Every structure is written in structure tokens, then in C-alpha cells.
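# Survey of secondary and tertiary structure
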Amino acid sequence: VTISGATGSAETAAAASALEAKEGTPWRVFVAGPSQAAAAALTAAKTPDGRIEARGAVSSEAAKASVLQALGAGGVSVIDLLTVQSDGLPVDWDARALSGASAITKLDWGSLSIDEEKSSLRGAGPQGEMGAIRGDLGDTWTKDLIVRAETAEPDAQAELDRLRAS
């Protein structure tokens, strides 16, 4: 039997290694400890048709539910690829994830990225939302936002809206 994975806990990594070291054990264990574990990350992408795919780590099931609820505001379809990582995340991780989730829903399309050191949001949306997004995220986020052209022909805009809805 082979077990593999990563953990932010040195104790868990040591226990996994001890399991393999036991004489006569049929276990092969490969568990990366804190120094070997991949850096934490959370990403979300919103497509022009309104769907959002979220992947990465949050600290708890409650945090996961809050982020998914924020992403699904307004009936948006959300593909949930989030995992719970109960230790090893920065203290402000879930707050940044929730802020980013709320912001990306206001865009027509875009992406958000959070890692241990920085948070960024990119995308396009209506002029009326840009001030609120910038204010909600504050100065700690990198924001690369494009204002959607509000001058589109009414018939062309209606056709785009119809295509997004289908």
C-alpha cells in the first residue's frame, strides 16, 4: 500500500515517516513536510458567460462555504475545486479569499490569484463597479481592471447578453 501527499504539519510528516520505518510494515509512505509542501495558492477564473472555477486552499469547511457562497452570488455557476488546508496558511488568508471572491463576481470576466505574499485581481467590468471593487480590496491587492465599453450599440449589447444567457 502506498500513501502520498503533503502536509503543513511537521508532526504529521514525522508520523507518516515512522509508519513506513516500522519493521514488517507493507506501507510505502511519501509525505512532504512543511518545508517541502507546495506553496499555498488560491485562484478563481470567471468566463464571459458568467461561470466561475475556483481552486486552491482555504482553512476550514466554514471558510470554503463562505467563499463558495460569495462566488455564487446572483446565481452564478461555480465549479468548486477548493480544498481545506487546516494549517500552514497565513492568518489573513480566508479574509483575502472572501474579498477576492466578492470582487470577481462584479466583473464580466477575470481572474483572481492569492498566494502567501500577494493578492491580485484582473478583468473587465462595468464602470459603475470599478470604484467599489478598488475600495473593497484596498491597497494590498494588485488590481488590473479594464472598464467595459458602455457605448456598445443597444442591439449588439442585447445580442451579447442573449448569448451569455444561453
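Now for a look at the structure at hand.

About the criteria used
- Residues numbered from 1 in each chain as written.
- Predicted model: local features only at pLDDT ≥ 70, side-chain atom pairs only at ≥ 80, totals over all residues.
- Heavy atoms only, no water.
- Buried < 20%, exposed > 50% of the residue type's maximum accessible area, 1.4 Å probe, protein only.
- Helix = DSSP H or I, 4+ residues; strand = E, 2+ residues; numbered from the N terminus.
- Arc of directions from axis to C-beta.
- Contact = heavy atoms within 4.5 Å.
- Salt bridge = Lys/Arg side-chain N within 4 Å of Asp/Glu carboxyl O.
- Pairing = 2+ DSSP bridges.
- Axes fitted to C-alpha atoms, helices over the stretch in contact; angles between N-to-C directions.
- Lys, Arg positive; Asp, Glu negative; His and termini not counted.
- Polar contact = N/O pair within 3.5 Å; in protein donor to acceptor, adjacent residues only side chain to side chain.
- Parallel < 35°, antiparallel > 145°, perpendicular 65-115°, else oblique.
- Left-handed = near helix turned anticlockwise from the far one by under 90°.
- Nonpolar A, V, L, I, M, F, W, Y, C, P; charged D, E, K, R; others polar.

Taken together, the buried positions of helix α4 (residues 127–137) are occupied by Met130, Ile133 and Leu137. For α4, the buried positions fall inside an angular range of 75° around the axis, keeping them on one side. Summarising the geometry of α4, the exposed residues directed more than 90 degrees from the buried face are Gly128, Gly131, Gly135 and Asp136. For α4, the secondary structure elements touched by its buried residues are α3 (93–104), β7 (119–125) and β8 (141–147).

Here the structure, examined in full by the defined rule, presents seven salt bridges. Notably, a salt bridge pairs Glu53 with Arg55, separated by 2.6 Å at the nearest N-O pair. For Asp108, the salt bridge is made with Arg148, and the minimal N-O distance between the two is 2.4 Å. One end of the pair, Asp108, is in the loop between α3 and β6 (109–115); the other, Arg148, is in the loop between β8 and α5 (154–165), with 40 residues separating them in the sequence.

Turning to the sheet that holds strand β3 (residues 41–46), a few remarks are in order. With respect to topology, six strands assemble into an open sheet ordered β5-β4-β3-β6-β7-β8, the strand pairing being mixed. Every interior strand has two partners, whereas the edge strands, β5 (78–84) and β8, have only one. Strand-to-strand, the axes of this sheet are offset by a mean angle of 5°, without reference to chain direction. Bridging between β3 and strand β4 (residues 52–58) involves five bridges; their strand directions are antiparallel. Opposite Ala45, over in β4, you have Glu53 as the bridge partner.

By the element assignment, Leu98 lies in helix α3. Measuring from C-alpha to C-alpha, the distance between Leu98 and Val67 comes to 5.2 Å, with 31 residues separating the pair along the chain. Ignoring anything within four residues of it in the chain, the contact list for Leu98 reads Ser66, Val67 and Ala70.

Counting buried residues along β7, six of its seven residues qualify, which places the element largely inside the surrounding structure. Linking β6 to β7, which pair antiparallel, is a turn of three residues. Bridge analysis of β7 against β8 gives seven bridges, and the strand direction is parallel. Bridge pairing in β8 links Ser120 to Thr142.

If you trace the backbone, Lys46 turns up in strand β3. Although Lys46 is buried, it makes no salt bridge; Asp108 carries the closest opposite charge, 6.2 Å away. Side-chain polar atoms of Lys46 contact the backbone oxygen of Thr105, separated by 3.0 Å. Other than its neighbours up to four places away in sequence, Lys46 contacts Arg51, Ile52, Ile104, Thr105, Leu107, Asp108, Trp109 and Gly110.

Here we come to the packing of helix α2 (residues 61–71) against α3. Contact geometry of α2 with α3 gives a least axis separation of 8 Å together with a crossing angle of 15°. In terms of axis orientation, α2 runs roughly parallel to α3. Here α2 runs over α3; the crossing is right-handed. Side by side, α2 and α3 meet where Ala63, Ser66, Val67, Ala70 and Leu71 of the first sit next to Asp94, Ala97, Leu98, Ala101, Ser102 and Ile104 of the second. Its residues assigned to classes, the contact of α2 with α3 shows eight nonpolar, two polar and one charged.

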